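A closer look at the structure
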Amino acid sequence: MSYRWAVIIGLVSAVNSAAMLVSLSVGIMLPDIKAEFSLNPAQAGVLGAVSPLATILLSVPLAALISRFNPRLMIFVGAVHMAVFGLLMAWAPTYELTLLFRFVFMVGLVGRQASMAMLIHQWFVAGEVARVQSVTQVITSSVQIAAFAVLPWLLVWLDGWRNTYFALASLLGATALVWLLVSRDRETEKEAPPPALEKERTPMSAILRYKIVWYWGVSTAFCLVGVSAFTTFLPSYLHDERGLSLGMAGLITAAIPLGNVVGAMHAGWVRNTVTVRRQQMYITGVLCSAGMMTMALAPVSWLVPVGAFALGWACMQVFPTIMTLPYELPGIKPREVAVVSSFLFTLFTFGLVVGPLLAGAVQQATGSLRTAFLVVPFVHMGIFIVAFASEHGLPPMP
């Protein structure tokens, strides 16, 4: 295996995975944190909302700042930053400090996307980006599965959420040290100095200059509305309205991230086989909608995991495909790649936030999660609207 795959992708994914475990663990640790600090539901909700809030507020400004520096060193600095504030979360004596430290921790987690985008641009050609995104998504989805499967046992074994945070932060610090010792910069030929007008162009301007990013970022956010809604409420739906045990409901829901893993393995092949993104969006949009409708209307329970797996698999064909877009835009600069990639993540996060809010609001109004699950696919139709419009007025996909 080449250095760039083993170290640049493998090791940086290990750093990201350790950081994600700290971020994802709040859901598992929340009951113990609520009990210790005597939190009300609103306070618990704020603690859980810090991650998407930080992503929405900080992604683009951090990308513009971080893109000014060496991405290899910024990954190290970000990992050390997260390790320190992970340790502070383990120590925090009050709810307010826990909330503050978690938000500051997210600065490092959000900033890693810009550094990763620049590293990919430095080490890989545009035709390899789909495969790179697929590999990183396999790792990310595997970490999500591990977080839900392993962290409850780790919480018991380490005797509490504070010791668990301490262990995860120490792991993050160790991966940061290994990254510093093993990683290196790639020597590239120096680019010719840009014209005077190019020097005046800021990386943030790329967001307005490449309007195609808005169209397809929003369409992918529509896709993630469904994924986040079903991931959040499917266990409750299966237990409350279908009478399954919580254990069985959890196993069925795990078919969504399992579909993500398998789908990410196929995403590079799909991207190279179906080379027009618009066609990919049509195909995966149909599969996503079919998966959601199957979960909501399946007459027998064994069809539900089939729909869950289809939703996870199909959504993962969209995500890596769209994340290759910043690397293929004509005339884009390395710093602009970082900013545009982070902007896409901001749009994706809106979709992840809207999904549970929409499903919860419909359930509150109708008293039925099945009704909520039938409404969500209609929002998902936005992906078809953008794909269709790209043939009738909007800029076509490359």
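Residues numbered from 1 in each chain as written. Predicted model: local features only at pLDDT ≥ 70, side-chain atom pairs only at ≥ 80, totals over all residues. Heavy atoms only, no water.

1. Structural notes on the overall build of the protein
- The helix and strand tally for the protein stands at 17 helices and zero strands.
- Within the protein, the fraction of its 398 residues that count as buried is 51%.
- Nonlocal contacts in the protein, meaning residues at least 24 apart in sequence, comprise 85% of its contacts between residues at least 6 apart.
- Surface accessibility of the protein: about 17500 Å² in total, with carbon and sulfur atoms responsible for 71%. (Helix = DSSP H or I, 4+ residues; strand = E, 2+ residues; numbered from the N terminus. Buried < 20%, exposed > 50% of the residue type's maximum accessible area, 1.4 Å probe, protein only. Contact = heavy atoms within 4.5 Å. Areas by Shrake-Rupley, 256 points an atom, 1.4 Å probe, with all protein chains shown as cover.)

2. Considerations on the pattern of salt bridges
- Tallied over the entire structure, the rule returns two salt bridges.
- The partner of Arg-162 in a salt bridge is Glu-36, with the nearest N and O atoms 2.6 Å apart. Here Arg-162 is found in helix H6 (residues 161-182), whereas its partner Glu-36 is found in helix H1 (residues 3-37), with 126 residues between them in sequence.
- We classify Glu-36 as partly exposed; its relative accessible area is 40%. (Salt bridge = Lys/Arg side-chain N within 4 Å of Asp/Glu carboxyl O.)

3. Some words on the packing of aromatic side chains
- What the rule picks out here adds up to eight aromatic pairs.
- Among the aromatic side chains, those forming a connected cluster through ring pairs are Phe-37, Trp-161 and Tyr-165. (Phe/Tyr/Trp six-rings, centres within 6.5 Å; stacked < 30°, edge-to-face > 60°.)

4. Looking at helix H16 (residues 369-380)
- Counted at 1.5 Å a residue, the expected span for H16 with its 12 residues is 16 Å, and the 17 Å between its end C-alpha atoms agrees.
- Among the residues of H16, those classed as buried are Leu-369, Ala-372, Phe-373, Val-376, Pro-377 and His-380. Down the axis of H16, the buried set is contained in an arc of 140 degrees. They therefore lie on one face.
- A distance of 3.2 Å separates the backbone nitrogen of Arg-370 from a side-chain oxygen at the start of H16, and that oxygen is part of Ser-368. (Expected span 1.5 Å × (residues − 1). Arc of directions from axis to C-beta. Polar contact = N/O pair within 3.5 Å; in protein donor to acceptor, adjacent residues only side chain to side chain.)

5. Here we look at the packing of helix H3 (residues 71-91) against H6
- Look at H3 against H6: their axes get within 8 Å of each other, and the N-to-C directions meet at 165 degrees. Classified by the angle between their axes, H3 and H6 sit roughly antiparallel to one another. In this structure, the crossing between H3 and H6 has a hand that is left-handed.
- Partitioning the contact of H3 with H6 into residue classes produces 20 nonpolar, three polar and two charged. (Axes fitted to C-alpha atoms, helices over the stretch in contact; angles between N-to-C directions. Parallel < 35°, antiparallel > 145°, perpendicular 65-115°, else oblique. Left-handed = near helix turned anticlockwise from the far one by under 90°. Nonpolar A, V, L, I, M, F, W, Y, C, P; charged D, E, K, R; others polar.)

6. Brief notes about the environment of Cys-288
- Here Cys-288 shows up in helix H12 (residues 277-297).
- Since its relative accessible area comes to 0%, Cys-288 is described here as buried.
- Residues contacting Cys-288, with those up to four places away along its chain left out, are Cys-223, Leu-311, Ala-314, Cys-315 and His-380.

7. So, the side chain of Ser-23
- Relative to the helices and strands, Ser-23 is located in helix H1.
- Judged by its relative accessible area of 10%, Ser-23 falls in the buried class.
- Each residue touching Ser-23, except ones within four places of it in the same chain, is listed here: Ser-51, Arg-102, Phe-105, Met-106 and Leu-109.

8. Thoughts on the nonpolar core
- Of all hydrophobic cores here, the largest spans 123 residues; its most connected members are Phe-105, Leu-172, Trp-179 and Val-213.
- A per-element tally of this core places H1 first, with 17 residues.
- Contact partners of Val-213, with chain neighbours within four places excluded, come to Leu-325, Leu-329, Val-340, Phe-343, Leu-344 and Leu-347. (Core = buried A, V, L, I, M, F, W, Y, C linked by side-chain atoms within 4.5 Å.)

9. With respect to the packing of helix H9 (residues 212-240) against helix H15 (residues 334-366)
- Where H9 contacts H15, the axes come no closer than 6 Å and their chain directions differ by 40 degrees. It follows that H9 is oblique to H15 by the angle criterion. Both H9 and H15 take part in a crossing whose hand is right-handed.
- Considering only residue class, the contact of H9 with H15 consists of 18 nonpolar, eight polar and no charged.

10. What to know about the side chain of Thr-253
- With respect to the helices, strands and loops of the structure, Thr-253 is situated in helix H10 (residues 246-253).
- In this structure Thr-253 comes out as buried when scored by relative accessible area, which is 8%.
- In this structure, Thr-253 is in contact with Thr-231, Leu-234 and Pro-235, ignoring residues within four places of it in sequence.

11. Points about a nonpolar patch on the surface
- A cluster of nonpolar side chains, namely Leu-73, Leu-177, Val-178, Leu-180, Leu-181 and Val-182, defines an oily patch on the protein surface of about 500 Å² accessible area.
- Sorting elements by how many residues they give to the nonpolar patch places H6 first, with five residues.
- Among the secondary structure elements, Leu-73 is positioned in helix H3. (Patch = residues over 30% accessible without salt bridge, like charges linked within 9 Å, V, L, I, M, F, W, Y side chains within 5 Å.)

12. Let's talk about the environment of Met-29
- In this structure, Met-29 sits in helix H1.
- Separated by 126 residues in the primary sequence, Met-29 and Leu-155 have C-alpha atoms spaced 7.7 Å apart.

13. Comments concerning the environment of Pro-326
- Secondary-structure assignment places Pro-326 in helix H14 (residues 325-328).
- Exposure remark for Pro-326: the relative accessible area of 0% places this residue in the buried category.
- Contacts of Pro-326, omitting those with residues within four sequence positions, involve Ile-332, Val-337, Val-340, Ser-341 and Leu-344.

14. As for the confidence of the model for the protein
- Considering every residue of the protein, the mean pLDDT works out to 80; 89% of them sit at 70 or more.
- The lowest-confidence element of the protein is helix H7 (residues 196-199), averaging 50 in pLDDT; the highest-confidence one is H3, averaging 93. (pLDDT = per-residue confidence, 0-100.)

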